[in-house]
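Here is how the chains run, residue by residue.
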Amino acid sequence: MKKHFFNGNNDSGKYGKTYSKLFRNFTGLTIVCSLIPLLLVGWGINIHYTKFAKSRMINSIQSRVEHHGEIIKLFLEEHSSKLKLLAFTQSKAYLREPAHLQHIFEMMNREHNVITDIGVIDENGRHIAYIGPYDLMDKNYFQTFWFAEAMEKGIYISDMFMGFRKEPHFIIAVTRCEEGQKWILRATVNTQAFRSLVENVKIGKTGEVYLINKDGIFQTSPRFSGNIMETAPFPTGPYHDDVTVNLFKGDNPDASFSNQIMAETWLPNPQWKLVVKQDYSEAFADVNHANFATLIFLHLSAISILIVAVFITKYMISVIKKRDIQAENLNQQLMQAGKLASIGELAAGVAHEINNPLAIILTERQILIDLFGVSKTDDAEFSEQFKASMDQIDVQALRCKTITHNLLRFSRRTQSMIETIDLNQFIQEVIELMEREAKTSGIKFIADLDTSLPPILSDPSQLQQVFLNLINNAIHAHKEKSYGTIRITTRIDETKKGVQITFADTGSGISQKNIEKIFDPFFTTKPVGQGTGLGLSICYTIIKQLGGDIAVKSKINEGTGFTLCLPFDLPAELKESMMAS
């Protein structure tokens with residue numbers, strides 16, 4: 001039968017214009033029905049996502065600044081409350097003892113080194129007790145701004161100032177009246193510890209966080225725009241209770257806020273404004289990245305649609321061509337099966353013809369032995385060599401007889417029939433048949449057969465085909481190796497009420513991407529001309545028909561194992577169909 005295959009080069013003739021028109025119509029229809037809706041939906045989703053993501057980002061920044069402001073507020077309130085508790089639970093006489101004040105100082109810094117020093121000051125501004133690293137016992141604070149504020153308000157948190165230390169710091173002071181006399185318990189907050197608390201916000205590479213008072217003086221050092229206790233180059237703005245977030249684009253007249261996002265909130269006591277700034281591009285980097293990824297996805301999708309539109313027709317034609325090729329391969333396989341059947345008949349004839357010369361050789365051997373027995377010779381060495389030669393002739397002749405016997409046995413199994421099979425003996429026959437071919441490749445058979453294995457009811461002809469195919473594949477798997485083993489194991493499978501047979505080789509193995517396809521028809525890893533890809537597919541079909549199952553495990557460069565599970569008895573419907581045929 002003549003085969004005709006269509007390809008892209010054969011579009012000439014009366015069908016050429018039809019395929020060209022179909023190609024143009026299909027491409028245009030695909031663009032109208034797929035590409036334009038995709039772009040419209042993609043752009044709509046992109047715009048909606050951008051607005052939503054920016055809103056979520058602003059809300060996240062607002063919540064983060066509000067939360068951080070609460071942390072700073074709680075920090076100041078906590079240490080103010082601690083000082084107030086100490087001042088109103090301990091007397092001035094108790095606190096002026098250095099050991100007592102030292103103990104209080106250590107307790108306040110037990111977890112974190114937050115307090116730099118602590119002191120007790122009388123109503124005249126003189127130190128009556130002091131614990132800290134500075135020499136301040138002789139200092140008088142009566143003229144300082146914070147002393148008057150503390151005396152008037154009872155509790156006072158100062159702005160950053162230089163003071164007698166000549167370095168930026170701020171204090172928390174609590175005033176108590178005892179026996180008609182006022183005195184102050186004052187603590188200095190560690191500036192570095194306080195800065196670490198304030199700046200503990202994730203703001204990326206371009207962000208900065210700082211505190212500024214109502215007069216525009218930095219209470220902490222900004223990352224880029226100034227230093228502590230310097231006047232800010234921008235207005236502070238009025239006090240407000242809520243958190244505000246402002247976006248400053250490139251057209252902002254104030255260069256210090258150009259292309260930035262700034263969030264701010266005020267602390268109530270003292271009135272400090274917490275400011276968090278970050279470059280607009282960095283703050284919205286994730287949103288911009290998502291937008292860019294969306295655009296890339298849209299363009300890739302559009303290109304993919306165009307590619308599909310262009311090649312879909314060619315793909316369909318290639319499917320037709322593939323089916324024709326598979327049909328041709330199947331025809332070749334059937335022809336090959338016919339050739340193998342002829343070879344089987346020829347092998348049976350050859351084996352039968354060889355048996356006659358073998359019988360003659362054995363008869364002549366016996367005649368030689370008898371003649372040697374009646375002859376008289378005194379040459380002992382000759383007698384010994386003669387007997388050894390006769391024994392070797394007997395061994396080799398019997399070996400040839402066994403081989404021809406197995407050939408005859410296997411060649412006669414051409415019709416499917418149900419028999420009781422001794423699997424161990426059956427496997428030994430297969431091994432004897434294939435052992436010479438395996439030895440030429442340096443491969444050794446290892447038979448690990450369960451002697452308690454009961455006979456099974458099955459089709460020996462089909463089992464022969466499966467076993468020989470698996471062994472041939474195992475031998476071929478050692479093609480790149482000069483040695484190896486094929487282990488054949490039989491075991492009783494009580495769970496499945498049958499037997500388990502394993503063919504495990506030490507060959508090159510099968511990759512994971514191929515192992516799921518090895519039972520597919522026409523799939524083969526052998527070079528072109530060395531296999532049709534039907535062997536394992538036929539094995540799979542035979543085992544399933546016999547009511548069994550087949551599985552495979554493999555590792556590259558370690559080997560492959562095929563496990564067959566066969567029932568003790570054939571399924572009833574299969575038995576009936578085979579007997580009927």
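Owing to the predicted nature of the structure, the values given are computational and were not obtained by experimental measurement.

(A) Local environment of the overall build of the chain. Across its full length, the chain carries 13 helices and 16 strands. In the chain, which comprises 581 residues, the share counted as buried stands at 38%. Of the contacts made within the chain by residues no fewer than 6 positions apart, 60% connect residues no fewer than 24 positions apart. Carbon and sulfur atoms make up 57% of the accessible area of the chain, which totals about 34000 Å².

(B) Representation of the sheet that holds strand β5 (residues 181-189) in the model. Read from one edge of the open sheet, five strands run β2-β1-β5-β4-β3, paired in antiparallel fashion. Where the open sheet ends on each side, the last strands, each with one partner, are β2 (127-131) and β3 (155-157). Pairs of neighbouring strands in the sheet enclose a mean axial angle of 15 degrees, with direction left out of account. Across the face of the sheet, helix α3 (residues 98-108) comes into contact with β1 (115-122) and β2 while running at roughly 145 degrees to β1.

(C) Focus on the nonpolar core. Of all hydrophobic cores here, the largest spans 49 residues; its most connected members are Leu76, Leu83, Ile118, Val120, Phe170, Leu185 and Phe194. Per-element accounting of this core gives the leading share, 10 residues, to helix α1 (residues 16-89). There are two domains that each give this core at least three residues, and those are domain 1 (90-193) and domain 2 (201-283). Among all residues touching Phe170, those that are not within four sequence positions of it are Leu76, Ile157, Ser158, Asp159, Met160, Phe161, Ala187, Thr188, Val189, Phe194 and Trp272. Ile427, Ile471, Ile515 and Ile542 belong to the second largest nonpolar core, which has 41 residues in total.

(D) Here's a closer look at unusual backbone geometry. At the junction of Asn269 and Pro270, the peptide bond is cis and its omega measures out at 0 degrees in the coordinates. With respect to the element layout, Pro270 can be found in the loop between β8 (260-266) and β9 (272-279). You will see that Lys166, though not glycine, has its phi angle at about 60 degrees, which is positive. Counting through the fold element by element, Lys166 comes out in the loop between β3 and β4 (170-178).

(E) Looking closely at the packing of aromatic side chains. Applying the stated criterion to the full structure yields 16 aromatic pairs. Arranged with centres 5.8 Å apart and planes meeting at 40 degrees, the rings of Phe75 and Phe194 form a pair that is tilted. Here Phe75, found in helix α1, pairs with Phe194, found in helix α5 (residues 191-198); they are 119 residues apart in sequence, far enough to count as distant. For the pair formed by Phe75 and Phe194, the shared burial category is buried. Seen from their ring centres, Trp146 and Phe147 are 6.3 Å apart, and the 70 degrees between their planes marks the pair as edge-to-face. For the pair formed by Trp146 and Phe147, the shared burial category is buried. Cluster of aromatic residues (ring-pair linked, three or more members): Tyr141, Phe142, Trp146, Phe147 and Phe164.

(F) Structural view of the sheet that holds β8. Spatial strand order, β6-β9-β8-β7: four strands in an open sheet with antiparallel pairing. Two strands bound the open sheet, and with one partner strand each, they are β6 (208-213) and β7 (244-248). Here the average twist between neighbouring strands, direction ignored, is 20 degrees. Two strands pair when backbone bridges link them, and β7 and β8 are joined in this way by five bridges, in the antiparallel orientation. Opposite Phe248, over in β8, you have Gln260 as the bridge partner.

(G) Spatial organisation of α3. Restricting attention to buried positions, one finds in α3 the residues Leu101, Ile104, Phe105 and Met108. Taken end-on, α3 shows its buried residues confined to a sector of 100 degrees, consistent with a single buried face.

(H) Spatial organisation of the pattern of salt bridges. Scanning all chains against the criterion turns up 10 salt bridges. Arg195 is the salt-bridge partner of Glu199, the closest N and O atoms lying 3.1 Å from each other. Under the relative-accessibility criterion, Arg195 is labelled partly exposed at 22%.

(I) Layout of the side chain of Ser80. Note that Ser80 resides in helix α1. In terms of polar contacts, Ser80 uses its side chain to reach the backbone carbonyl oxygen of Leu76, at 2.8 Å.

(J) View of a negative patch on the surface. A contiguous patch of negative charge on the surface is contributed by Asp378, Asp379, Glu381 and Glu384. Here Glu381 is to be found in helix α8 (residues 380-411). What makes Glu381 exposed here is its relative accessible area of 55%.

(K) Region of interest: the pairing of β9. Within β9, seven of the eight residues are buried, leaving the element largely enclosed by the surrounding structure. Strand direction decides the pairing type here: β6 and β9, joined by six bridges, are antiparallel. Looking across to β9, one finds that Leu211 is bridged to Leu274. In terms of strand pairing, β8 meets β9 through seven bridges, oriented antiparallel. Of the residues in β9, the one forming a bridge with Glu264 is Val275. From the end of β8 to the start of β9, which pair antiparallel, there are five residues.

(L) Focus on the packing of helix α9 (residues 423-440) against helix α10 (residues 460-477). Relative orientation of the contacting elements α9 and α10 amounts to 40 degrees, with a least axis distance of 11 Å. Looking at the two axes, α9 sits oblique to α10. With respect to the hand of their crossing, α9 and α10 are arranged in right-handed fashion. Only Pro460, Leu463, Gln464, Phe467, Leu468, Ile471, Asn472 and Ile475 of α10 make contact with α9, whose side of the interface consists of Leu423, Phe426, Ile427, Val430, Leu433, Met434, Glu437 and Ala438. Taken together, the residues that form the contact of α9 with α10 break down as 13 nonpolar, two polar and one charged.

Conventions we followed
Residues numbered from 1 in each chain as written. Predicted model: local features only at pLDDT ≥ 70, side-chain atom pairs only at ≥ 80, totals over all residues. Heavy atoms only, no water. Helix = DSSP H or I, 4+ residues; strand = E, 2+ residues; numbered from the N terminus. Buried < 20%, exposed > 50% of the residue type's maximum accessible area, 1.4 Å probe, protein only. Contact = heavy atoms within 4.5 Å. Areas by Shrake-Rupley, 256 points an atom, 1.4 Å probe, with all protein chains shown as cover. Pairing = 2+ DSSP bridges. Axes fitted to C-alpha atoms, helices over the stretch in contact; angles between N-to-C directions. Core = buried A, V, L, I, M, F, W, Y, C linked by side-chain atoms within 4.5 Å. Domains from an automatic or database assignment. Phe/Tyr/Trp six-rings, centres within 6.5 Å; stacked < 30°, edge-to-face > 60°. Arc of directions from axis to C-beta. Salt bridge = Lys/Arg side-chain N within 4 Å of Asp/Glu carboxyl O. Polar contact = N/O pair within 3.5 Å; in protein donor to acceptor, adjacent residues only side chain to side chain. Patch = residues over 30% accessible without salt bridge, like charges linked within 9 Å, V, L, I, M, F, W, Y side chains within 5 Å. Lys, Arg positive; Asp, Glu negative; His and termini not counted. Charge placed at Lys NZ, Arg CZ, Asp CG, Glu CD. Parallel < 35°, antiparallel > 145°, perpendicular 65-115°, else oblique. Left-handed = near helix turned anticlockwise from the far one by under 90°. Nonpolar A, V, L, I, M, F, W, Y, C, P; charged D, E, K, R; others polar.

Fair warning: the whole summary comes from geometry, so function is off the table for now.
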